[in-house]
Amino acid sequence: MAQNPQGETPLADAIVLFGATGDLSRRMLLPSLYFLDADGLLPVGFKILATARAQHSRAEFVDQVLKILAARPEGVDDGVWARFSERIDYVACDATTAAGAGELKPHLQGRSRPMFFLAISPSLYGRVCVALAAAGLAVDESRIVLEKPVGRDLETSREVNVAVGAVFSEDRIFRIDHYLGKETVQNLIALRFANTLFEPLWNNLTIDHVQITVAETEGVGERWPYYDEYGALRDMLQNHMLQLLCFVAMEPPADMEPDSVRNEKVKVLRSLRRFTRAEAQSASVRGQYTKGVVGGREADGYEAERGQPTGTETFVALRVDIDNWRWAGVPFFLRTGKRLPERRTQIAIQFKAVPHSIFGNAAKDDLVANRLVIDLQPDEDIALTLMNKSPGISRGGMRLQSMPLSLSLLRAYEGPGSRRRIAYERLLLDVMHGNSTLFVRRDEVEEAWRWVDGVADAWAEAGLAPKPYAAGSWGPSGAFALIERSERAWLD
Ligand code: BG6
């Protein structure tokens, strides 16, 4: 993207929000823009041009935005709202045609650096880009933001990338993975590369294994028309979970420049051991929730929500091996599922046990190997468990206990006016500034699909159908067997 004489990318001067009446815009994007404005982070004159097919006047849409913001716990500040509402404009159009996209043009008069955010079905990405180009809107300093999923497999992902790439150069394409906007994911980079403490230990000499869990209590519900085509592997693992794995496993990048970081992530993706039919059976588990109880409330099974039998998985657990020098012999256990007993997103780095205990019989069962646990949700926390002496004296020799050294981000940052940011705030701000470090590059998304396609193919070859698990449980029993096979256990 063109830079000014100071070497900076000029700030975007407008956002065009496609799918402005949809769920993502209502829950995440419009509130994020409001909070950026509240913090003084939207440039003067920055415009929010909302568009969708639904016919609304500008006044009606602005009123809807106010209702969305007022329903949030943070409330609405009159002064900020006065400024924010002035920025909003609304145009009803069919942006997949040149004529439709052309209707946006008069509303962008005087703006030369718009950012287009496609919060619409990925099947429309290519057509909208062509329409933007035909309407003369895809100008040099414009940028485009794509929500996941970029494709359903390697082939369809390439189709989307080619279609969008025909209009926008790669440095102007921002593929969002909202997990990268989460504070703790960025903190992982700080933890690894802003401390001398961990990096020398961050390898197969000291680390026994890694666990990454993304557990949700919510079911699929009304999202089944999308979800049924994707399942947990493609909806969560291909993107969010592989991204977390990359940040844990990548080599130190030279700096925080977009390509430095993304080159390292691509190397990790290329080192993932391909799945074969044998691994499908021994190193993976697919599950689908049936009726059960979550958080004290009865929940339907997925097939009841879907209305008919389906072979889509709502749970997946995998053992992933990274074939490189740093990680050879260190398994990464990944699991994600819907309708699990609790909402938890967590990365656990399990260190090896001490090679020999000097503490004798009394403390035989006390010794626990160190563990670094990074919680992303529901609370943000980083805790390192260390062994120390149990207080007091006893005749039978020293007793030990495991204690967490905790960096509770909630406690550290809480104070008047503090709040937990929506992940999209950071990401929208980065697009505005043209910084793509926290976005997924084309080769990255395609490498992730290549590997995930291998898993899906191995499942198909092995005829691996999802095993039922009751809503409110931790998935099928096979998920426990998967990790216990190597004499390890999930951290529950
Ligand atoms: C989305 C998935 O990308 O991430 C959803 O499509 C999932 O199925 C959601 O529920 C989870 O996001 P978060 O931020 O709530 O962990």
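Residues numbered from 1 in each chain as written. Predicted model: local features only at pLDDT ≥ 70, side-chain atom pairs only at ≥ 80, totals over all residues. Heavy atoms only, no water.

This next bit is on the site of the ligand. Taken together, Lys148, His178, Tyr179, Lys182, Glu216, Arg223, Asp235, Met236, His240, Lys338, Arg343 and Gln377 form the complete shell of residues around the ligand. Interatomic distance of 2.6 Å between a side-chain N/O atom of Lys182 and an oxygen atom of the ligand. One nitrogen or oxygen atom from the side chain of Glu216 is found 2.5 Å from an oxygen atom belonging to the ligand. Contact with the protein chains covers 79% of the free accessible surface of the ligand, which is 390 Å². A per-element tally of the shell around the ligand places helix α8 (residues 224-249) first, with three residues. Across the shell around the ligand, the residue classes break down as two nonpolar, three polar and seven charged. (Near = heavy atom within 4 Å. Polar contact = N/O pair within 3.5 Å; in protein donor to acceptor, adjacent residues only side chain to side chain. Areas by Shrake-Rupley, 256 points an atom, 1.4 Å probe, with all protein chains shown as cover. Helix = DSSP H or I, 4+ residues; strand = E, 2+ residues; numbered from the N terminus. Nonpolar A, V, L, I, M, F, W, Y, C, P; charged D, E, K, R; others polar.)

Here helix α3 (residues 78-87) has its buried residues at Val80, Trp81, Phe84, Ser85 and Arg87. Buried residues of α3, seen end-on, are gathered within an arc of 145° and therefore sit on one face of the element. Exposed positions of α3 whose direction lies more than 90 degrees from the buried face are Asp78 and Glu86. Structurally, α3 contributes buried residues whose contacts are with α1 (23-38), β2 (47-52), α2 (58-70) and β3 (88-92). Looking at where α3 begins, the residue whose side-chain oxygen comes 3.0 Å from the main-chain nitrogen of Gly79 is Asp77. (Buried < 20%, exposed > 50% of the residue type's maximum accessible area, 1.4 Å probe, protein only. Arc of directions from axis to C-beta. Contact = heavy atoms within 4.5 Å.)

Attention shifts here to the packing of α1 against α3. Two elements in contact, α1 and α3, have axes separated by 10 Å at closest approach and are oriented at 125°. One element, α1, and the other, α3, form an angle in the oblique class. In this structure, α1 meets α3 at a crossing whose hand is right-handed. Residue-level contacts link Leu30, Leu33, Tyr34, Asp37 and Ala38 of α1 to Val80, Trp81, Arg83, Phe84 and Arg87 of α3. The class makeup of the residues in the contact of α1 with α3 is seven nonpolar, no polar and three charged. (Axes fitted to C-alpha atoms, helices over the stretch in contact; angles between N-to-C directions. Parallel < 35°, antiparallel > 145°, perpendicular 65-115°, else oblique. Left-handed = near helix turned anticlockwise from the far one by under 90°.)

Within this structure, the stated rule accounts for one cavity of 30 Å³ or more. Of the volumes computed, that of the largest cavity is approximately 160 Å³. Taken together, 16 residues line the largest cavity, and the ones lying closest to its centre are Asp177, Gln238, Asn239, Val440 and Val445. Those elements giving two or more residues to the lining of the largest cavity turn out to be α8 and α14 (442-462). If one sorts the elements of the lining of the largest cavity by residue count, α8 sits on top with five residues. Shared between two domains, the lining of the largest cavity takes at least three residues from each, and those domains are domain 1 (14-176) and domain 2 (180-484). (1 Å grid on protein atoms, 1.4 Å probe; cavity = no way out; pocket = protein on both sides within 12 Å on 5 of 7 lines; lining within 4 Å. Points joined across faces, edges and corners; volume = space filled by probe spheres on them. Domains from an automatic or database assignment.)

Turning to the sheet that holds β2, a few remarks are in order. A sheet is described by the order of its strands in space; here six strands give the open sequence β3-β2-β1-β4-β5-β6, paired in parallel fashion. Looking along the sheet, the strands with just one partner apiece sit at the ends: β3 and β6 (173-175). Mean inter-strand twist for the sheet, computed between neighbouring axes without regard to direction, equals 20°. Note: β2 against β3, five bridges, orientation parallel. Paired with Ala50 across the strands is Tyr90, a residue of β3. (Pairing = 2+ DSSP bridges.)

These values are about where atoms sit, not about what they do.
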